[in-house]
Amino acid sequence: MENPQFTLLAVDDDATQLELLRVICEKIEFPSIEYLSAETGTQGLETVKSRSVDLVLTDYRLPDINGLEVLKRIKADNPLVSVVVMTAFEDARDAVHILQNGGDDYLVKPTRKDEIEHLIVRIFEKSCVVRENQIVQREIEESFDGLSMVVFQSRAMQQVLNLVSRSARSDAIILITGESGTGKELMARLIHKSSLRKEQPFVTVNIAALPESLMESELFGHAKGSFTGADQDRAGRFEEADGGSLFIDEVGDIPPSIQVKLLRAIQFGQIQRLGENHTRQLNVRIIAATNRDLEGLVAEGSFRTDLYWRLNVVNVTIPPLRARKEDIPPLVEHFIRIFNLKNNRSIQGITREALDLLMRLPFHGNVRELENMIERGIIMARGTHISLRDLESAGVKTSFEDEIHQLCDSATGTDYQEKMNSFEKQLISCALKEAKGNQSEAARRLKISERRLRSRLEILGIHNSPDQEASGSGLDANVELPRHDRRDRGIQD
Ligand SMILES: Nc1ncnc2c1ncn2[C@@H]1O[C@H](COP(=O)(O)OP(=O)(O)OP(=O)(O)O)[C@@H](O)[C@H]1O
Ligand SMILES: [Mg+2]
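Positions within a chain are numbered from 1, following the residues in the order the chain's sequence is written. Labels follow written order: the first chain is A, the first ligand is 1, and so on. Totals for whole chains, interfaces and linings use every residue, but because this is a predicted model, local features are given only for residues with pLDDT of at least 70 and side-chain atom pairs only at 80 or more, for both listing and counting. The basis for every side-chain value is the complete set of heavy atoms in the structure, and neither hydrogens nor water enter the calculation.

(A) Quick look at the packing of aromatic side chains. Centres within 6.5 Å make a pair out of two Phe, Tyr or Trp rings, where for Trp the six-membered ring is used; the pair is then stacked when the planes are under 30 degrees apart, edge-to-face when over 60, and tilted otherwise. Tallied over the entire structure, the rule returns five aromatic pairs. Ring geometry for F6 and F124: centres 5.7 Å apart, planes at 90 degrees, overall edge-to-face. In this pair, F6 is assigned in strand 1 (residues 5–11) and F124 in helix 5 (residues 113–142), connecting sequence segments 118 residues apart. The exposure classification of F6 matches that of F124, with both residues buried. Comment: elements are numbered from the N terminus, with helices defined as DSSP H or I runs of at least four residues and strands as E runs of at least two. A simple rule labels every residue: compare its accessible area, found with a 1.4 Å probe on the protein chains alone, to the largest value its type can have, and call it buried under 20%, exposed over 50%, or partly exposed in between.

In structure tokens:
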């Protein structure tokens, strides 16, 4: 193979430093380095525009704009150029800003020769991976079949998808329920993509985001002059979705005055624009979603019973993430791939420890919360894999005390005693896990007698088999992946 060429631009107002970098670059044989230099930030930016540069190594303190600004402007125009900022020791706090703004790394001055060599080789390898990723991503997009986007491994989600695939092709109204962030909108898109209407529009309307005064016009449209500000005729979301699907998000928030009109639209396929007196006949498939308890709203009288029954023909309930923890590893892998591309990084996976922590979190914000954590983890990651420390820098609570809070949060049960039992179960499972199933060791850690431990195990129904592979979490003993699976998923022991 021909020796690949890699172009490095050094930006520094210190001539000695530039000379040092030039000498280092000359010595590197693979890849062969084309060395460019600039003495100010502005000059550096001009070079990036006129030449094809792979890596910019810039000082933080420059005579004109600082290194962070150089980084931001380069990434805004061309996110594929790698940028590494050199900071003085006193400025090391800025490291976080550098990484948050898409910096590929930072170096603290004085820099060592071998450090710079390693950096160049690492960034070179990374840029190769990024290019490969882009090709893979294009392939994924081209072969998109809808299903590839909903990532899961749990039986619970398998059942949900079975139901979805059975009902997607009919025109049946589907009501998707589930806590916030469980993937209701994603599921609605999947339903549309799997239906016979997939070539027709998929229109969404979020009821919770609309003030009541605008809701009717937003849904059904209006005639010119029908209210102040209605300066022309306008079609509503229903009409936009004609022939396709309308996703009504947060349907539980629809006020009673609009519920009647919605019922009519669903029942007869007819709508009337605000200010018009004739009806329009439409052909729209409704998919609705809510994270509220519709039955409860019906019982308290704020949601019409007849509308409820119309909507609830097929009910797809997406379980919370904490009830399907097996989905966490494939989701983590999926989000790593996505955010590598988005942030131009090439993180290869997650460490075993970090994944163990994720498996223990209660995830009240469900998949969205996990998604945000991984994005921040990718931004903060300093090594090849997201580590516990990276998660911590990304704001995830990792200390023992935090874990106890999380344990308390995740204790299940309706009354005090049930919650206490659930909590105790988790505590004991954690200790057993740490003691690798050895009961006397676990009792020691818990500072209780072995006899007491045995009796609690029996009462609480905890099964302990000492030779079992320690589970990823004390909270949920049945969720760890088999070892061979872990390698494939980029989990580093
Ligand atoms: N199974 C999944 N596979 C891949 N991504 C998922 C999955 N579930 C959810 N997501 C992602 O998580 C985020 C939240 O999902 P979505 O917006 O569909 O949730 P939601 O239930 O509509 O939330 P809310 O009630 O807050 O509106 C999205 O970015 C979505 O792509
Ligand atoms: Mg939503």
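Back to the write-up after that little detour.
(B) The sheet that holds strand 6 (residues 174–177), seen in detail. In this scheme, strands are said to pair when DSSP sees at least two bridges between them. In spatial order, the strands read 7-8-11-6-12; together these five strands make up an open sheet with parallel pairing. Two strands close off the open sheet at either side, each with one partner strand: strand 7 (202–206) and strand 12 (314–317). Across the sheet, the axes of successive neighbouring strands diverge by a mean angle of 20 degrees, strand direction being ignored. Here strand 6 pairs with strand 12 via four bridges, running parallel. If you follow I176 over to strand 12, its bridge partner there is V316. Interaxial angle, 0 to 180 degrees, is taken between N-to-C directions of lines fitted to C-alpha atoms, where a helix line uses only the stretch in contact.

(C) How the structure looks around the site of ligand 1. Throughout, near means a residue has at least one heavy atom within 4 Å of the molecule or strand. Taken together, 18 residues form the shell around ligand 1, and within it V151, S180, K184, R368 and E371 come nearest. A 3.5 Å cut-off defines polar contacts: any pair of N or O atoms within that distance qualifies, except that in protein one atom must be a possible hydrogen donor and the other a possible acceptor, and neighbouring residues in sequence count only when both atoms are side-chain atoms. Here S180 contributes a side-chain N or O atom positioned 2.7 Å from an oxygen atom of ligand 1. Within the contact set of ligand 1, an oxygen atom lies 3.1 Å away from a backbone nitrogen or oxygen of G183. Surface accessibility in these figures is a Shrake-Rupley result with a 1.4 Å probe; residues are shielded only by whichever protein chains are displayed. Protein burial of ligand 1: of its 630 Å² of free accessible surface, 85% is covered by the chains. Among the elements of the structure, helix 7 (184–193), helix 13 (328–343) and helix 15 (366–380) are those that each provide at least two residues to the shell around ligand 1. Here the term charged refers only to Asp, Glu, Lys and Arg, the term nonpolar to Ala, Val, Leu, Ile, Met, Phe, Trp, Tyr, Cys and Pro, and the term polar to all other amino acids, Gly among them. Residues of the shell around ligand 1, tallied by class, amount to seven nonpolar, six polar and five charged. Throughout the structure description, domain borders are defined by an automatic or database domain assignment. Counting contributing residues per domain, the shell around ligand 1 is built from domain 2 (155–317) and domain 3 (322–393), each supplying no fewer than three.

(D) Layout of the sheet that holds strand 15 (residues 491–492). The strand order across the open sheet built from three strands is 14-13-15, with neighbouring strands paired in parallel fashion. Both edges of this open sheet fall to strand 14 (385–386) and strand 15, since each of them pairs with a single strand only. Both strand 13 (residues 349–351) and strand 14 contribute to a ladder of two bridges, which runs parallel. Following the sheet pairing, G349 is matched in strand 14 by H385. Packed on one face of the sheet, helix 14 (residues 352–360) meets strand 13, strand 14 and strand 15 and runs near 85 degrees to strand 13. Any two residues having at least one pair of non-hydrogen atoms within 4.5 Å are treated as being in contact.

(E) Quick peek at the UniProt feature "modified residue: 4-aspartylphosphate" (unreviewed entry) in the protein chain. UniProt positions are given in the numbering used here, feature names are shortened, and annotations may be inferred rather than shown by experiment. As recorded in UniProt, the sites labelled "modified residue: 4-aspartylphosphate" (unreviewed entry) are D59. Mapping D59 onto the fold places it in strand 3 (residues 55–59). With residues up to four places along the chain from it excluded, the contact list for D59 reads V11, D12, D13, G67, V85, M86 and K109.

(F) Representation of the confidence of the model for the protein chain within the structure. A score between 0 and 100, pLDDT records how confident the predictor is in each residue. With 87% of its residues at a pLDDT of 70 or more, the protein chain has an overall mean of 85. For the stretch residues 467–485, pLDDT sits under 50, and the model shows 41 contacts to residues farther than four places along the chain or on other chains.

(G) Summary view of the environment of L18. By secondary structure assignment, the location of L18 is in helix 1 (residues 15–27). The exposure class of L18 is buried, given its relative accessible area of 8%. Ignoring any residue separated from it by four or fewer positions in sequence, one finds L18 in contact with A10, D12, Y35, S37, A38 and E39.

(H) Quick peek at a negative patch on the surface. Where like charges cluster on the molecular surface, the negative patch consists of D13, D14, E39 and D64. Turning to its location among the elements, E39 is positioned in the loop between strand 2 (32–38) and helix 2 (41–50). On the accessibility criterion, E39 (48% relative accessible area) is partly exposed. Any residue with relative accessible area above 30% and no salt bridge may belong to a patch, with like charges joined within 9 Å and the nonpolar Val, Leu, Ile, Met, Phe, Trp and Tyr side chains within 5 Å. For salt bridges, the criterion is a side-chain nitrogen of Lys or Arg within 4 Å of an Asp or Glu carboxyl oxygen. Only four residue types enter the charge count, namely Lys and Arg as positive and Asp and Glu as negative; His and the chain termini do not. The location of each charge is read from NZ of Lys, CZ of Arg, CG of Asp or CD of Glu.

(I) Molecular detail of the pattern of salt bridges. By the definition in use, this model includes 29 salt bridges. Among the ionic pairs, R456 bridges to E424, the shortest N-O distance being 2.7 Å. Remark: E424 occurs in helix 18 (residues 416–434) and R456 occurs in helix 20 (residues 450–460); sequence separation between them is 32 residues. We classify R456 as buried; its relative accessible area is 17%. On the basis of relative accessibility, which here comes to 19%, the residue E424 falls in the buried class. Linking E450 and R454 is a salt bridge whose minimum nitrogen-to-oxygen distance equals 3.7 Å. Separated by four residues within a single helix, E450 and R454 lie in helix 20, roughly one turn from each other.

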